[in-house]
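Fold and contact review
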Amino acid sequence: MIVCVCNALNESSVRQAAQNAGGRVSILKIYESLDATPQCGKCLCHARNICDDEHRLAQG
Ligand code: FES
């Protein structure tokens, strides 16, 4: 499922980036790690939720 249309980022990429970050980091850092830059910003809330979800799963 596409999360960010502007950067063609899918959910699994965002989840993987959040896991690789190894902790809670800003969504801008997550996008940066994917060589992406937020443009319209419509995806940011959804992407943040995905990252928060991964962070919660990592904490058990
Ligand atoms: S949809 Fe992600 S920046 Fe536009």
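Figured I'd write up the structure that's included with this text.

1. Overview of the environment of His46
Along the polypeptide, His46 turns up in helix α3 (residues 44–59). Through-space distance from the C-alpha of His46 to that of Leu28 is 13 Å; in sequence the pair is 18 residues apart. Ignoring any residue separated from it by four or fewer positions in sequence, one finds His46 in contact with Met1 and Val3.

2. Things to note about the side chain of Glu54
Relative to the helices and strands, Glu54 is located in helix α3. A residue is classified by how much of its surface remains accessible, and Glu54, at 10% relative accessible area, is buried. A polar contact of 2.7 Å, which involves the side chain of Glu54, links it to the side chain of Arg15. The residues contacting Glu54, other than those within four sequence positions of it, are Arg15, Ala18 and Gln19.

What counts, and at which threshold
- Residues numbered from 1 in each chain as written.
- Predicted model: local features only at pLDDT ≥ 70, side-chain atom pairs only at ≥ 80, totals over all residues.
- Heavy atoms only, no water.
- Helix = DSSP H or I, 4+ residues; strand = E, 2+ residues; numbered from the N terminus.
- Contact = heavy atoms within 4.5 Å.
- Buried < 20%, exposed > 50% of the residue type's maximum accessible area, 1.4 Å probe, protein only.
- Polar contact = N/O pair within 3.5 Å; in protein donor to acceptor, adjacent residues only side chain to side chain.

Just distances and angles here, no functional claims.
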